[in-house]
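Chain by chain, the residues run as shown.
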Amino acid sequence: MKWHFDDFIYGSIDGAVTTFAIVAGVVGAALPAGIILILGFANLFADGFSMAAANYQASKARNEFVQMKRRQEEWEIDNLAEQERDEIREIYREKGFKDELLEDVVRIITSRRKVWVDTMMKEELGLIENERNPMDSSVSTFVGFNIIGIIPLIPFMIFMMMGIDTNSEAFIYSTIFVLAAFFLVGMIKGKIVKKSMMYSGIITLIIGGIAAIVAYMVGYGLNFLVS
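Quick caveat: nothing in here was measured; it's all calculated off a predicted structure. (Residues numbered from 1 in each chain as written. Predicted model: local features only at pLDDT ≥ 70, side-chain atom pairs only at ≥ 80, totals over all residues. Heavy atoms only, no water.)

**Student:** Go over a nonpolar patch on the surface, please, and point to the residues and values.
**Tutor:** On the surface, Met198, Tyr199, Ile202, Ile203, Ile206, Ile207, Ile210, Val214 and Val218 cluster together into a nonpolar patch covering about 830 Å² of accessible area. Mapped onto the elements, Ile203 comes out in helix α9 (residues 197-226). Among the residues examined, Ile203 registers a relative accessible area of 31% and is labelled partly exposed. (Patch = residues over 30% accessible without salt bridge, like charges linked within 9 Å, V, L, I, M, F, W, Y side chains within 5 Å. Areas by Shrake-Rupley, 256 points an atom, 1.4 Å probe, with all protein chains shown as cover. Salt bridge = Lys/Arg side-chain N within 4 Å of Asp/Glu carboxyl O. Helix = DSSP H or I, 4+ residues; strand = E, 2+ residues; numbered from the N terminus. Buried < 20%, exposed > 50% of the residue type's maximum accessible area, 1.4 Å probe, protein only.)

Here's what the structure looks like:
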């Protein structure tokens, strides 16, 4: 099992946003804490699994597409060698190579089949092959979704175990926890993509906050209409 931190971050952000949106919506609708936990955990497992499955299918489909294109390029090199050689020549002519140097580059690249195919994949098709295992991507997404996604539910679980029935106070703690989680996940994302950690943390915080406000207002509005 190889962890893919980009998929982990992707799942973490979505898990925190969607679960807190549910919490905010249910609190806005003034429903019991039990409903919050039921809907929250249902979201964690159902939506988390759905995201993981979708990521698995997307990763697998991309790998299959890349392999299909590679087989196509291999066939063209085997059967349309001169045409493919001219394509290599045109690619490097556009990069500024010319005359004898251009011909040397074409000769060197086309002298090794793998290098030739790799060059066509990258330069002509813009496809870069990798060894990412779709299952690793899927698991990384699912784990990130559930680890961070459970954070908005923790105050409600603690309050229920303590016998305290006050959604408003639990919601305050839930808000603080999830805002901290948004910011932390954003900072980690910034570090991974080598951008400003502070800026990335703030942007993620804003996105999560907007989702929470929208959900809360919808829940509050629905409660006002039906009451």
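**Student:** Help me get a handle on the packing of aromatic side chains, residues and values and all.
**Tutor:** This model, assessed by the stated rule, comprises three aromatic pairs. Each ring, one from Phe20 and one from Phe171, has its centre 5.8 Å from the other, and the planes form 5°; the classification is stacked. With a gap of 151 residues between them, Phe20 in helix α1 (residues 5-28) and Phe171 in helix α8 (residues 167-192) connect regions that are remote in the sequence. Relative accessible area serves as the criterion here: at 3%, Phe20 is assigned to the buried category. Measuring from centroid to centroid gives 6.1 Å for Phe159 and Tyr173, while their planes differ by 55°, and the two rings are tilted. (Phe/Tyr/Trp six-rings, centres within 6.5 Å; stacked < 30°, edge-to-face > 60°.)

**Student:** Kindly report on the environment of Thr119, identifying the contributing residues and their values.
**Tutor:** Relative to the helices and strands, Thr119 is located in helix α5 (residues 113-124). Along the chain, Thr119 and Ile91 lie 28 residues apart, while their C-alpha atoms are 9.8 Å from each other. Non-local contacts of Thr119, meaning those with residues more than four positions away in its chain, are made with Ile88, Tyr92, Ile109 and Glu124. In terms of polar contacts, Thr119 uses its side chain to reach the backbone carbonyl oxygen of Val115, at 2.7 Å. (Contact = heavy atoms within 4.5 Å. Polar contact = N/O pair within 3.5 Å; in protein donor to acceptor, adjacent residues only side chain to side chain.)

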